[in-house]
2 protein chains.
Amino acid sequence: MNLLKRKIETEGVVLSDSVLKVDSFLNHQVDPILMKEIGQEFVRRFHNKAITKVLTIESSGIAPALMTSLQLNVPLIFARKRKSLTLSEGLLTAKVYSFTKQEENTISISNNYIKEGDEVLIIDDFLANGQAALGLIELVQKAKANVAGIGIVIEKAFQDGGQKIRELGYQVESLVEIDSLNNNQVTFKEDVQ
Amino acid sequence: MNLLKRKIETEGVVLSDSVLKVDSFLNHQVDPILMKEIGQEFVRRFHNKAITKVLTIESSGIAPALMTSLQLNVPLIFARKRKSLTLSEGLLTAKVYSFTKQEENTISISNNYIKEGDEVLIIDDFLANGQAALGLIELVQKAKANVAGIGIVIEKAFQDGGQKIRELGYQVESLVEIDSLNNNQVTFKEDVQ
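Residues numbered from 1 in each chain as written. Chains lettered and ligands numbered in written order. Predicted model: local features only at pLDDT ≥ 70, side-chain atom pairs only at ≥ 80, totals over all residues. Heavy atoms only, no water.

**Q** Summarise the interface of chain A and chain B; cite the residues concerned and give the values.
**A** Contacts between the two partners involve 43 residues from chain A, matched on the other side by 43 residues from chain B. Where chain A meets chain B, there are zero salt bridges. Counting across the chain A and chain B interface gives 15 residue pairs in polar contact (both at pLDDT 80 or more). Sorting the residues of the side of chain A that touches chain B by element identifies strand S3 (29-30), helix H2 (32-45), helix H3 (62-72), strand S5 (76-79) and strand S7 (103-110) of chain A as the ones contributing at least two each. Broken down by element, the side of chain A that touches chain B gets its largest block of residues, six residues, from H3(A). (Contact = heavy atoms within 4.5 Å. Salt bridge = Lys/Arg side-chain N within 4 Å of Asp/Glu carboxyl O. Polar contact = N/O pair within 3.5 Å; in protein donor to acceptor, adjacent residues only side chain to side chain. Helix = DSSP H or I, 4+ residues; strand = E, 2+ residues; numbered from the N terminus.)

Following this line, the structure appears as structure tokens:
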């Protein structure tokens, strides 16, 4: 994903040693062509899985997950962070602690759309400490479905989420892995000798 | 948009005389093929406008807006309902009252991504009393950009938002217009004699 790396290098803003702002193409303004390429790359990386559903979490996960689901021709489900007015019965929930926001959210999906027998590809924009991904895995398990894999746009490899989830046996595919944001600089994993 | 109508007829759930639940293809589970067709239809309806940006609001607007922006090959911006950690300076804001949730939200966009000279197509999933659309119009005006038009997936034509916004002189294109949800039944506008 050289296009994604170039975007991060030219447009990413390092706000601290742990926070990278990518609001110009992923988290606020969205580059649809880049999202399409991201979708194609996830499909390539999970081509050996018979995926039946794509699962993400609102809001920043929706764009890359939609382009993945379009190319797989399977439905997308986005988990809610807040209670929906029209989404009340048959909720599956998981608690997710956000270290950046220092608050706990209850994320939820309806039990109508992910079921036993589903092979679920989880997609998210960032992987850092892994809380969101672990919450999504928990939702899939509560639905008695199977996690086919986890596709991440940007992994902060200097935090331990990726390691934790890989050690649980899941296939985690991160399109770029960042080794450090120290000194206001983005260092990608492959750059480290 | 016969596909959309068929989806509403077969999968929509009328929760009350004013609330239609379309969680199986738009608001929670998302049908990517339908979103693609919706994007194509919006592009067709606004083909006479030189659109430079698509603007929507998280979360349910993102999917139809992304497919529209992809086909227009212009960036998508999604307004935030809640404060973002990495989105702080240069915020343009508007207050939006939600009658269904009975709460006021401050929606916001960064002033980096919509600017003077931009022709902005606003996309949203529902149009009812028009509060969200009016808030998005206000954001575009605060950015000194121009509203090229407003594309709505489902308009509740029995509420007054569509009329209000059309009377302001904006081109509003709704892919389906619902005339009534009375008696647990969806009645489309064209069905009324």
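**Q** Please set out the relation of the copies chain A and chain B residue by residue, giving values where relevant.
**A** Taken as rigid bodies, chain A and chain B are interconverted by a rotation of 180 degrees and an axial shift of 0.0 Å, the fit giving an RMSD of 0.0 Å. Put plainly, the chains are arranged around a two-fold axis. Measuring from the rotation axis to each C-alpha of chain A, the shortest distance belongs to Ser59(A), at 2.8 Å. Looking at chain A, 100% of its interface residues are interface residues in chain B too, so the copies touch through the same face. (Least-squares fit on C-alpha atoms with pLDDT ≥ 70 in both.)

**Q** Can you explain the sheet that holds strand S9 (residues 146-156) of chain B? Please cite residues and give values.
**A** Within the open sheet, the seven strands sit side by side as S3(A)-S5(B)-S4(B)-S8(B)-S9(B)-S10(B)-S11(B). Their pairing is mixed. Either end of the sheet is taken by a strand with one partner, and the two such strands are S3 of chain A together with strand S11 (187-188) of chain B. As judged from the six bridges shared by S9(B) and strand S10 (residues 172-180) of chain B, these two strands associate in the parallel manner. Along S10(B), the bridge assignment pairs Gly151(B) with Glu173(B). Strands strand S8 (119-127), S9 and S10 of chain B of the sheet are contacted by helix H2 (residues 32-45) of chain B, whose axis makes an angle of about 115 degrees with S10(B). On the sheet, helix H3 (residues 62-72) of chain B packs against S3 of chain A together with strand S4 (53-57), strand S5 (76-79), S8 and S9 of chain B and is oriented at approximately 175 degrees with respect to S4(B). (Pairing = 2+ DSSP bridges. Axes fitted to C-alpha atoms, helices over the stretch in contact; angles between N-to-C directions.)

**Q** Can you explain the side chain of Thr56(B)? Please cite residues and give values.
**A** Residue and element names in this part refer to chain B. Turning to its location among the elements, Thr-56 is positioned in strand S4. Residue classification places Thr-56 among the buried positions, given a relative accessible area of 0%. Look past the residues within four positions of Thr-56 in its chain and what remains in contact with it is Gly-61, Ile-62, Ala-65, Leu-76, Ile-77, Phe-78, Ala-79, Ile-123, Asp-124 and Leu-136. (Buried < 20%, exposed > 50% of the residue type's maximum accessible area, 1.4 Å probe, protein only.)

**Q** So what's going on with the confidence of the model for chain A? Residues and values would help.
**A** Across chain A, the average pLDDT comes to 94, with 95% of residues at 70 or higher. The ipTM assigned to the predicted complex is 0.95, against a pTM of 0.96. (pLDDT = per-residue confidence, 0-100.)

**Q** Pulling in residues and values, what's your account of the sheet that holds strand S10 (residues 172-180) of chain A?
**A** Pairing in this open sheet of seven strands is mixed, and the strands run S11(A)-S10(A)-S9(A)-S8(A)-S4(A)-S5(A)-S3(B) from one edge to the other. Looking at strand neighbours, the two that pair on one side only are strand S11 (187-188) of chain A together with strand S3 (29-30) of chain B, the edges of this open sheet. Lying on the sheet, H3(A) is in contact with strand S4 (53-57), S5, strand S8 (119-127) and strand S9 (146-156) of chain A together with S3 of chain B; it crosses S4(A) at an angle near 175 degrees.

**Q** Which residues make up the packing of H3(A) against H3(B), and what values go with them?
**A** Look at H3(A) against H3(B): their axes get within 10 Å of each other, and the N-to-C directions meet at 70 degrees. With respect to H3(B), the axis of H3(A) lies roughly perpendicular. Between H3(A) and H3(B), the residues in contact are Ile62(A), Ala63(A), Leu66(A), Met67(A) and Leu70(A) and Ile62(B), Ala63(B), Leu66(B), Met67(B) and Leu70(B), respectively. Looking at the contact of H3(A) with H3(B) residue by residue, the class counts come to ten nonpolar, no polar and no charged. (Parallel < 35°, antiparallel > 145°, perpendicular 65-115°, else oblique. Nonpolar A, V, L, I, M, F, W, Y, C, P; charged D, E, K, R; others polar.)

**Q** Give me the pattern of salt bridges: which residues, what numbers.
**A** Residue and element names in this part refer to chain A. Enumeration over the complete set of coordinates arrives at 22 salt bridges over all chains. Taking the shortest distance from any N to any O, the salt bridge between Arg-45 and Glu-41 comes out at 2.8 Å. Here the residue Arg-45 and the residue Glu-41 both occupy positions in helix H2, the gap between them amounting to four residues, near one helical turn. Given the relative accessible area of 22%, Arg-45 is considered partly exposed. Look at Glu-41 and you get buried, because its relative accessible area is 12%. Through salt bridges that share partners, Glu-41, Arg-44, Arg-45 and Glu-173 make up one connected network.

**Q** So what's going on with the environment of Leu134(A)? Residues and values would help.
**A** All names here are of chain A. The residue Leu-134 is located in helix H4 (residues 131-142) in this model. Residue Leu-134 is classed as partly exposed on the basis of its relative accessible area of 26%. C-alpha separation for the pair Leu-134 and Lys-95, spaced 39 residues apart in sequence, amounts to 9.4 Å. Setting aside its immediate chain neighbours within four residues, Leu-134 contacts Lys-164, Ile-165 and Leu-168.

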